[in-house]
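Single-letter residue listing:
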Amino acid sequence: MALATTGKFGRTRNRAAGLSRTVDDIGRQAVFFVRALAHVPWALRKHPKEVLRLIAEISMGTGALALIGGTVAVVGFLTLASGGTIAIQGFSSLGNIGVEALTGFFSAFINVRIAAPVIAGIGLSATIGAGSTAQLGAMRISEEIDALESMAISSVPYVVSTRVVAGMISILPLYSLALVASFLAGRFTTVVLFGQSSGLYDHYFSTFLDPIDVMWSFVQVLVMAMLVMLIHTYYGYNATGGPSGVGTAVGRAVRLSLICVVAVTLLVSLAIYGGSGNFNLSG
């Protein structure tokens with residue numbers, strides 16, 4: 001109180017106020033996330049048609065985006081490019097020490113544990129997540145969400161929980177296609193472009209492709225999808241300031257979700273594989 005009345009230590013008070021606002025914002029996000037997840041059973045029971053509509057919209061897109069296949073095409077092209085890049089770098093780097101035959105191992109190991117989950121999370125954030133933020137932000141500034149509340153329709157289950165469920169369901173087939181695309185891109189680059197024997201590539205690829213790693217990669221992507229949808233729906237649901245405010249909300253949501261995608265990859269990798277990588281490269 002004395003500092004407020006005297007006006008001293010202005011920078012200190014501004015920093016303390018900024019820290020307080022940050023803590024308050026984290027608390028509001030945590031409460032919103034818990035509410036959204038707690039209403040998932042309600043959304044599945046009361047709004048199944050909305051969930052199915054959102055799954056179709058998320059997977060194939062709407063309007064002009066539907067012409068190229070929506071999120072399926074975006075994630076597919078991204079993982080094709082990443083799989084080919086991994087094969088190029090692996091063949092070149094391993095060739096420097098005379099073991100380019102292990103390119104199949106390199107593709108199976110990197111794609112499953114790191115590249116495919118991260119690329120899928122980035123694609124999810126840039127397509128499904130950004131679209132959800134823009135949709136909810138438009139609904140908020142046009143008072144559609146307030147209209148739902150006035151009709152005694154709980155807005156969080158109807159517009160938030162349904163999108164979280166749809167995103168987590170849609171990511172499973174999307175990631176399956178992404179993983180297959182990364183594998184095909186790696187094999188095509190190594191066998192067709194670089195001329196390595198297909199039998200040699202397939203031998204090392206199948207030897208080091210661990211089904212347990214594939215299962216954990218699906219778990220990792222599910223966690224990413226849940227966080228991405230929660231973050232993007234939060235910023236869209238609480239958007240303010242008209243159309244420019246919606247654009248700001250989309251930018252903030254994408255920034256935070258990308259950070260979470262990388263953080264989830266780091267934490268899951270440490271939790272599952274530890275510091276040793278949990279594999280032995282030996283005959």
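Going along each chain's sequence as written, the residues are numbered from 1 onward. For a predicted model such as this one, the threshold for reporting local features is a pLDDT of at least 70, and the threshold for listing and counting side-chain atom pairs is 80 or more; totals across whole chains, interfaces and linings nevertheless cover every residue. Side-chain numbers here rest on the full set of heavy atoms in the structure, without hydrogens or water.

The name recorded for the protein chain in an unreviewed UniProt entry is ABC transporter permease, from Rhodococcus oryzae.

(A) Up close: the packing of helix α8 (residues 155-193) against helix α10 (residues 211-237). Whenever a helix is involved, its axis is fitted only over the stretch in contact; in every case the axis is a line through C-alpha atoms, and angles between N-to-C directions fall within 0 to 180 degrees. Each helix is a run of DSSP H or I of at least 4 residues and each strand a run of E of at least 2, with the numbering of both proceeding from the N terminus. Orientation of α8 relative to α10, taken along the N-to-C sense of each, is 145 degrees, at an axis distance of 9 Å. In this structure, α8 crosses over α10, and the sense of that crossing is right-handed. Residues were grouped as follows: Ala, Val, Leu, Ile, Met, Phe, Trp, Tyr, Cys and Pro as nonpolar; Asp, Glu, Lys and Arg as charged; and all remaining residues, including Gly, as polar. Its residues assigned to classes, the contact of α8 with α10 shows 18 nonpolar, five polar and one charged. Two helices crossing with the near one rotated counterclockwise from the far one by less than a right angle form a left-handed crossing, whereas a clockwise rotation gives a right-handed crossing.

(B) Focus on a nonpolar patch on the surface. Nonpolar side chains (Val, Leu, Ile, Met, Phe, Trp, Tyr) within 5 Å and like charges within 9 Å form the patches, drawn only from residues with over 30% relative accessible area and no salt bridge. In this description, accessible areas are obtained by the Shrake-Rupley approach with a 1.4 Å probe, and a residue is regarded as covered only by the protein chains that are shown. Put simply, a salt bridge is a Lys or Arg side-chain nitrogen that is within 4 Å of an Asp or Glu carboxyl oxygen. Side chains of Ile88, Phe188, Val192, Leu193 and Phe194 sit close together on the surface and give an oily, nonpolar patch of about 480 Å² of accessible area. Within the secondary structure, phenylalanine 188 is located in helix α8. Only protein chains enter the accessibility calculation, which uses a 1.4 Å probe. A residue is then buried if its area is under 20% of the maximum for its type, exposed if over 50%, and partly exposed in between. The class for phenylalanine 188 is partly exposed, based on a relative accessible area of 46%.

(C) Local environment of the UniProt feature "transmembrane region" (unreviewed entry) in the protein chain. Mapped onto this numbering, the UniProt entry annotates "transmembrane region" (unreviewed entry) at residues 65-88, 108-130, 172-194, 214-235 and 256-275. Across residues 108-130 one finds 100% helix and 0% strand; the C-alpha atoms that close the span lie 30 Å apart. Overall, residues 172-194 shows 96% helix and 0% strand. The separation of its end C-alpha atoms is 32 Å. UniProt positions are given in the numbering used here, feature names are shortened, and annotations may be inferred rather than shown by experiment.

(D) Representation of the layout of surface pockets. Taken as a whole, the largest pocket holds about 410 Å³ of empty space. Detection works on a 1 Å grid of protein atoms alone, calling trapped sets that fit a 1.4 Å probe cavities and calling open sets with protein on both sides within 12 Å along at least five of seven lines pockets, with lining residues defined by an atom within 4 Å of a point. Along its surface, the largest pocket is lined by 15 residues, and Asp25, Tyr234, Tyr235, Asn238 and Ala239 are the ones closest to its centre. Split by residue class, the lining of the largest pocket holds seven nonpolar, four polar and four charged. Grid points are joined across faces, edges and corners, and a volume is the space filled by probe spheres set on the points.

(E) The nonpolar core, seen in detail. By nonpolar core we mean a set of buried residues, namely Ala, Val, Leu, Ile, Met, Phe, Trp, Tyr and Cys, connected to one another through side-chain atoms within 4.5 Å. If you look at the biggest cluster of nonpolar residues, it comprises 49 residues, and the most contacted ones within it are Val159, Val160 and Tyr237. Contributing elements (two or more residues each) for this core: α2 (10-38), α4 (48-60), α6 (103-141), α7 (144-150), α8, α9 (198-208), α10 and α11 (242-273). Here the element with the most residues in this core is α8; it accounts for twelve residues. Residues are treated as being in contact if the distance between any of their heavy atoms lies within 4.5 Å. Beyond its immediate chain neighbours, meaning those up to four positions away, tyrosine 237 contacts Phe32, Leu136, Arg140, Ile145, Glu149, Ser155, Val156, Val159 and Val160. If you look at the next biggest cluster of nonpolar residues, it comprises eight residues, including Leu94, Phe109, Ala115 and Phe208.

(F) Geometry of the packing of α6 against α8. Interaxial distance between α6 and α8 falls to 8 Å at its minimum, and their mutual angle equals 145 degrees. Helix-helix and strand crossings are classified by hand; for α6 and α8 the assignment is right-handed.

(G) Representation of the packing of aromatic side chains. Only rings of Phe, Tyr and Trp enter the pairing, Trp through its six-membered ring, and a pair is recorded when the two centres are within 6.5 Å. The plane angle decides the type: under 30 degrees is stacked, over 60 is edge-to-face, the rest tilted. Tallying each qualifying case throughout the model produces eleven aromatic pairs. Between phenylalanine 32 and tyrosine 237, the ring centres sit 5.5 Å apart and the planes meet at 45 degrees, which makes this aromatic pair tilted. Of this pair, phenylalanine 32 sits in helix α2 while tyrosine 237 sits in helix α10, placing them 205 residues apart in sequence. Each member of the pair, phenylalanine 32 together with tyrosine 237, is buried.

(H) The arrangement of the side chain of threonine 189 in detail. Turning to its location among the elements, threonine 189 is positioned in helix α8. Looking at threonine 189, the relative accessible area reads 6%, which means it is buried. Residues in contact with threonine 189, not counting those within four places in the same chain, are Gly84, Ala87, Ile88 and Phe194.

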